[in-house]
Amino acid sequence: MTYSSIAQRLRKVLWLAWPIAALVWGSWLGTVAAGDGLHDGLGNVVGADHLAFYSAARTVRDGQPEKMYDYRFMPAYQNEILGGGWESLEAFRNPPFYALLYTPTARWPFPLSMWLWGAIGMAGLALGIILLRASRPRLTFLWALTFYPVLAAVMFGQNTLLSFAIFAGVFRALDDHKPFLAGLIAGLLWYKPQLLVGLFVWWGLMPRTHFRCWLGMSVTALSLAAVSWLVLPSASWAFVDTLRENMAYNSFAQWNVHTPRAFFAQLLPHAPQLAAGLAAFFALGAIGIAAWLVWRTGGPLRVMFPAAVFLSLWSSPHTLIYEWALLLAAGIVLWERFPEKRNAWLPLFTLAWLALLVSSLLAQFQTEGFAANSRLMDLRVSDGFPFVFQLSVPVLAVVGCLAARELGQTLDPASPSVGIIGSETPENPAAATSRT
């Protein structure tokens, strides 16, 4: 069966994405509406992850910014913020400068701050789609809402859609032949440095082409560091003191993590060294594929930007479900800049869409679903299944490899345009997308 025949069949059923998305969004919004504003109908804090940023900003406003990294102090502090009933910790692990971004809304009640930043995230999604030069931005935005990681970013109160806008800004600057500006924009991702991995690899593989990107990124990094140390010196020292602990942090729900590291850790819980070795092998394999793409195609923007986005998500040790919303940036570029390959992209995008829709739920079921009946399986009540198979990771591996193969067949490395930053003409995207 060919991509063309599969795509032809898929186009007949694509409409199903809309009722599925409406059901998922409606279920969440209905649960929120059944709550009291702070909690949903099940008693969970709405947008709880936002509490990490909100409480860090509150420590700045309260004149004790060094406390934002005191993880013995923060649970009680967050409980006070929420008015009681909070027995957990949403830890702030970003650099201190990032907390300053949330100080204007830290004076507001938590729900109001969370919803405002959710709206800012949606605006970031819309802006990113425009920056990526989607030919039909409104329809692209609506399709983006059917992608479960986008809902997860809003539902969890996370900042992924801001990162999406930054990645899109990097693409737009490179597409406009402004590598220094692209580096300046990319440097904003220092608030979550693991997202820079893909750009590091891409630009590191082509250092002469992208040295101005490195320069711009360094300028932003130094500027943000200066802001942290000048405005929040005590918090900056606390960040340095807790850096090793933060880098090793792994105490979140593994069923919601979609990386090779989490995949093998859950699949081989009693062989941690083997799991770590396999995870490293697959992460390095992705870097090898990126190097092959540079060698095979010369490394043009429309090839390497999607590869860099995927690589950042794949190689980061802590890519949770909501962070895969960044995959939209790669998908939009592939769809717009390689229209002749849309019959290939459609099945691959559908596979990724489905895997990320159901994988967290299936992994959670394996982790927790049989806990009540675990005695029948001779397991401790907290153990669930003896191992967890995170469906998304092998599916995404297949999708990534097949997409790389398609990209490797698109360009002749002898072409004079190959390897030039922003080689597609930004003033005429339609002409750029027609190149092969």
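Since the structure is predicted, the reported quantities are computational estimates derived from the model, not experimental observations. (Residues numbered from 1 in each chain as written. Predicted model: local features only at pLDDT ≥ 70, side-chain atom pairs only at ≥ 80, totals over all residues. Heavy atoms only, no water.)

### Observations concerning the overall build of the protein
Consideration 1: Each helix and strand in the protein was counted, giving 21 helices and 0 strands.
Consideration 2: The 436 residues of the protein split such that 51% are buried.
Consideration 3: Counting only carbon and sulfur atoms, one obtains 66% of the accessible surface of the protein, whose full area is about 19,700 Å². (Helix = DSSP H or I, 4+ residues; strand = E, 2+ residues; numbered from the N terminus. Buried < 20%, exposed > 50% of the residue type's maximum accessible area, 1.4 Å probe, protein only. Areas by Shrake-Rupley, 256 points an atom, 1.4 Å probe, with all protein chains shown as cover.)

### Remarks on helix 16 (residues 272–297)
Consideration 1: The end-to-end C-alpha separation of helix 16 is 37 Å, in line with the 38 Å expected for 26 residues at 1.5 Å each.
Consideration 2: Along its buried surface, helix 16 packs onto helix 11 (197–205), helix 15 (260–267), helix 17 (301–315) and helix 20 (392–408).
Consideration 3: Downstream of helix 16 by one or two residues, Gly298 has phi in the positive range, about 90°. (Expected span 1.5 Å × (residues − 1). Contact = heavy atoms within 4.5 Å.)

### Concerning the packing of helix 9 (residues 160–175) against helix 17
Any two packed helices are characterised by how steeply their axes cross, that is the angle between the axes, and by the distance between the axes.
Consideration 1: Following both chains from N to C, one finds helix 9 and helix 17 inclined at 160°, their axes separated by 11 Å at the closest point. Between helix 9 and helix 17, the interaxial angle falls into the category roughly antiparallel. Taken as a pair, helix 9 and helix 17 cross one another with a handedness that is right-handed. Along its contact with helix 9, which presents Phe167, Phe171, Leu174 and Asp175, the element helix 17 presents Leu301, Phe305, Val309 and Ser312.
Consideration 2: Among the residues making up the contact of helix 9 with helix 17, the classes are represented as 6 nonpolar, 1 polar and 1 charged. (Axes fitted to C-alpha atoms, helices over the stretch in contact; angles between N-to-C directions. Parallel < 35°, antiparallel > 145°, perpendicular 65-115°, else oblique. Left-handed = near helix turned anticlockwise from the far one by under 90°. Nonpolar A, V, L, I, M, F, W, Y, C, P; charged D, E, K, R; others polar.)

### Describing unusual backbone geometry
Consideration 1: In this structure, Arg133 takes a positive phi of about 60° despite not being glycine.
Consideration 2: Take Arg133: it is sitting in the loop between helix 6 (110–131) and helix 7 (137–144).
Consideration 3: You can call Arg133 buried: its relative accessible area is 15%.
Consideration 4: At His177, a residue that is not glycine, the phi angle is positive and equals roughly 65°.
Consideration 5: For His177, a relative accessible area of 44% puts it in the partly exposed group.

### Section: the environment of Ser315
Consideration 1: Turning to its location among the elements, Ser315 is positioned in helix 17.
Consideration 2: Once residues lying within four places of it in the same chain are set aside, the contact partners of Ser315 are Val197 and Ala283.

### A short note on the packing of aromatic side chains
Consideration 1: What the rule picks out here adds up to 28 aromatic pairs.
Consideration 2: Where Phe200 meets Trp214, the ring centres are 5.6 Å apart and the plane angle is 15°; that geometry is what we call stacked. With Phe200 in helix 11 and Trp214 in helix 12 (residues 211–231), this residue pair connects regions lying 14 residues apart in the sequence.
Consideration 3: Classification of Phe200 by relative accessible area gives partly exposed; the value is 27%.
Consideration 4: The exposure class of Trp214 is partly exposed, given its relative accessible area of 29%.
Consideration 5: An aromatic cluster is present here, built from Phe53, Tyr98, Tyr102, Trp117 and Tyr191 joined pairwise through their rings.
Consideration 6: In this structure, Lys67 is placed above the aromatic ring of Phe73, and the distance from its NZ or CZ to the ring centre is 5.1 Å.
Consideration 7: Lying over the aromatic face of Tyr71, Arg93 brings its terminal NZ or CZ to 4.8 Å of the ring centre. (Phe/Tyr/Trp six-rings, centres within 6.5 Å; stacked < 30°, edge-to-face > 60°. Lys NZ or Arg CZ within 6 Å of the ring centre and 35° of its normal.)

### Section: the confidence of the model for the protein
Consideration 1: Looking at the protein as a whole, the pLDDT averages 89, with 89% of positions reaching at least 70.
Consideration 2: Across residues 371–382, confidence stays below pLDDT 50; counting only partners more than four residues off in sequence or on other chains, it has 9 contacts.
Consideration 3: Within the model, pLDDT remains below 50 along residues 412–436, and this stretch shows 56 contacts once partners closer than five positions in the same chain are excluded. (pLDDT = per-residue confidence, 0-100.)

### As for the pattern of salt bridges
Consideration 1: Under the criterion given, the structure shown has 7 salt bridges.
Consideration 2: Among the ionic pairs, Arg133 bridges to Asp176, the shortest N-O distance being 3.0 Å. Taken together, the residues span a long stretch of sequence, with Arg133 in the loop between helix 6 and helix 7 and Asp176 in the loop between helix 9 and helix 10 (179–186) at a distance of 43 residues.
Consideration 3: Owing to a relative accessible area of 22%, Asp176 belongs among the partly exposed residues under this scheme.
Consideration 4: The network of salt bridges with shared partners includes Arg133, Arg172, Asp175, Asp176 and Arg337. (Salt bridge = Lys/Arg side-chain N within 4 Å of Asp/Glu carboxyl O.)

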